[in-house]
Amino acid sequence: MKHYRPFARIMAIAIASTMMTACSLDSYEPEKPFTTDPVGKAHLWCIGQPGTRSVADVEKLLFTDDDIEWFDPDTRELRFRDMEEPLYEKLRLLSSVEFRLGNQTLFSGSTFVGLICSQVFNDLVLCCGKIEDGRVIDSNRYYLYDCYPNTPQFLNDEQVKANRAKRAAQWETFTKYLESKGKLKK
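Predicted model only: the values in this text are computed from it and were never measured. (Residues numbered from 1 in each chain as written. Predicted model: local features only at pLDDT ≥ 70, side-chain atom pairs only at ≥ 80, totals over all residues. Heavy atoms only, no water.)

Give a detailed account of the nonpolar core, specifying residues and quantitative values.
With 27 residues, the main nonpolar core has Phe63, Leu78, Phe99 and Phe174 as its most contacted residues. The greatest single-element share of this core, amounting to four residues, is contributed by helix H5 (residues 168-180). When near neighbours in sequence (up to four residues on either side) are disregarded, phenylalanine 174 contacts Leu44, Phe71, Phe99, Leu106, Phe107 and Leu144. Judged by nonpolar contacts, the second largest core, of eight residues, contains Val113, Cys127, Tyr143 and Tyr145. (Core = buried A, V, L, I, M, F, W, Y, C linked by side-chain atoms within 4.5 Å. Buried < 20%, exposed > 50% of the residue type's maximum accessible area, 1.4 Å probe, protein only. Helix = DSSP H or I, 4+ residues; strand = E, 2+ residues; numbered from the N terminus. Contact = heavy atoms within 4.5 Å.)

Written out as structure tokens, the structure is:
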């Protein structure tokens, strides 16, 4: 029994140092101020794995602004043109997605969710489908929600409100860009 004690101490130290290192890595990179490219010189695109840095990485490219038919800022519906492969087939549920405008990240860490998801998310999600009055409607449509589930109970959560406020400038850039392309539904 005594020969296990040094091993247990070493393991405890290793686990503690790994946890401290992992926690410190999250906040190591200072947040960069958001700047936009002049409208018309950049393209909006979405990748299925944050960290990808070029459109050339085609297997992770989900869609570009050319694939977007329109976006409704009131309902948050993002309507796509007919795509060879539907978006829900390109992505697995709970996959991370990243929206980019040119070289700038608009929304990072967003999650792709479907109506069968039982997890709660307090940040931006790309949702396939919509529930109203307890029933599924629009199961083949996509929505950009501030949280999931998109209900008043969660929309009024302090963390959701803070996340919404944090990305307000990026959200405005997103909608202005789509409006400049004639893709904002009014």
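Still more ground to cover, so stick around.
Give me the confidence of the model for the protein chain: which residues, what numbers.
When pLDDT is averaged along the protein chain, the result is 77; 67% of the residues meet or exceed 70. Between residues 22-40, whose pLDDT stays under 50, and residues either more than four places distant or in other chains, the model counts 13 contacts. (pLDDT = per-residue confidence, 0-100.)

Break down a nonpolar patch on the surface for me, citing the residues and quoting the values.
A cluster of nonpolar side chains, namely Leu93, Leu94 and Ile116, defines an oily patch on the protein surface of about 310 Å² accessible area. As for its position among the elements, leucine 93 is in the loop between helix H2 (87-90) and strand E5 (96-101). When its relative accessible area of 41% is taken as the criterion, leucine 93 is described as partly exposed. (Patch = residues over 30% accessible without salt bridge, like charges linked within 9 Å, V, L, I, M, F, W, Y side chains within 5 Å. Areas by Shrake-Rupley, 256 points an atom, 1.4 Å probe, with all protein chains shown as cover. Salt bridge = Lys/Arg side-chain N within 4 Å of Asp/Glu carboxyl O.)

Give me H5: which residues, what numbers.
In this model, H5 (13 residues) spans 18 Å end to end at C-alpha, consistent with the 18 Å of a helix rising 1.5 Å per residue. Buried residues of H5: Gln170, Trp171, Thr173, Phe174, Thr175, Tyr177 and Leu178, and no others. (Expected span 1.5 Å × (residues − 1).)

I'd love a proper account of the state of the cysteines, names of residues and values included.
Each disulfide consists of one covalent bond between the sulfur atoms belonging to two cysteines. What the rule picks out here adds up to zero disulfides. The closest cysteine sulfur to the non-disulfide-bonded cysteine 127 is located on cysteine 128, 7.0 Å from its own sulfur. The class for cysteine 127 is buried, based on a relative accessible area of 1%. (Disulfide = S-S within 2.5 Å.)

Could you give an account of unusual backbone geometry, naming the residues involved and the relevant values?
The peptide bond linking tyrosine 148 to proline 149 adopts the cis configuration, its omega dihedral lying at -5 degrees. Among the structural elements, proline 149 can be located in the loop between strand E8 (135-145) and helix H3 (152-155).

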